Amino acid sequence: MIEIMDDRELEKMIKTVDIEVVPPEGLKEKLLARVRDVDDKTGSIMTPFERFIFEKPLRTACSISFTISGLLWAIMGSGLTKLLIGMIG
């Protein structure tokens, strides 16, 4: 059975579709605070050392390379530069 819709009902339906939906005040802030809380809880799983290695790999690589070059410089002295120049050619 097909029911015929009244023009007023159709007009009301069309008007309700065109209304912009606005979230209640404070909802965005609550969601952001909840996401930060969850992020803080999951972020605490990694130790500071693991964070340094996995979240900042460039800093890790730089610190390792500086440490190795410093140790080589301390062991070999100025012979390290001669060795590097000899390797480069």
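Throughout this description, residue numbers start from 1 for each chain and increase along the sequence as written. A pLDDT threshold of at least 70 governs which residues receive local features in this predicted model, and a stricter bar of 80 or more applies before side-chain atom pairs are shown or counted, although totals over entire chains, interfaces and linings include all residues. Where side-chain values are given, they derive from all heavy atoms of the structure, hydrogens and water being excluded.

So, about the overall build of the protein chain. In this text, helices come from DSSP runs of H or I with a minimum length of four residues, and strands from runs of E with a minimum of two, each type numbered from the N-terminal end. Within the protein chain one finds five helices and zero strands. Taken from the N to the C terminus, the helices and strands of the protein chain come in the order α-α-α-α-α. Residue burial is assigned from relative accessible area. The probe radius is 1.4 Å, only protein chains are included, and a residue is buried under 20% of its type maximum, exposed over 50%, and partly exposed in between. Per-residue burial for the protein chain yields a buried fraction of 3% across its 89 residues. Under the convention used here, a 1.4 Å probe and the Shrake-Rupley method define accessible areas, while residue burial counts only the protein chains that appear. On the protein chain, roughly 8,900 Å² of surface is accessible, and the fraction owed to carbon and sulfur atoms is 66%.

A side-chain nitrogen of Lys or Arg and a carboxyl oxygen of Asp or Glu constitute a salt bridge if their distance falls within 4 Å. Taken as a whole and assessed by the stated rule, the structure comprises one salt bridge. For Glu 55, the salt bridge identified is with Arg 51, shortest N-O distance 3.7 Å. Of this pair, Glu 55 and Arg 51 are both found in helix α3 (residues 48–55), four residues apart, which corresponds to roughly one turn of the helix. On the basis of relative accessible area, Arg 51 is assigned to the partly exposed category, the value being 36%.

Looking now at the side chain of Thr 60. For Thr 60, the position within the fold is in helix α4 (residues 57–76). Any pair of residues with heavy atoms lying within 4.5 Å of one another is described as a contacting pair. If sequence neighbours within four positions are ignored, Thr 60 has contacts with Phe 52 and Ile 53.

Looking now at a nonpolar patch on the surface. On the surface, Ile 64, Ile 68, Leu 71, Leu 72, Ile 75, Met 76, Leu 83, Leu 84, Met 87 and Ile 88 cluster together into a nonpolar patch covering about 1,000 Å² of accessible area. By the element assignment, Leu 72 lies in helix α4. Like charges are joined within 9 Å and nonpolar side chains (Val, Leu, Ile, Met, Phe, Trp, Tyr) within 5 Å, but only among residues with over 30% relative accessible area and no salt bridge; these make up the patches.

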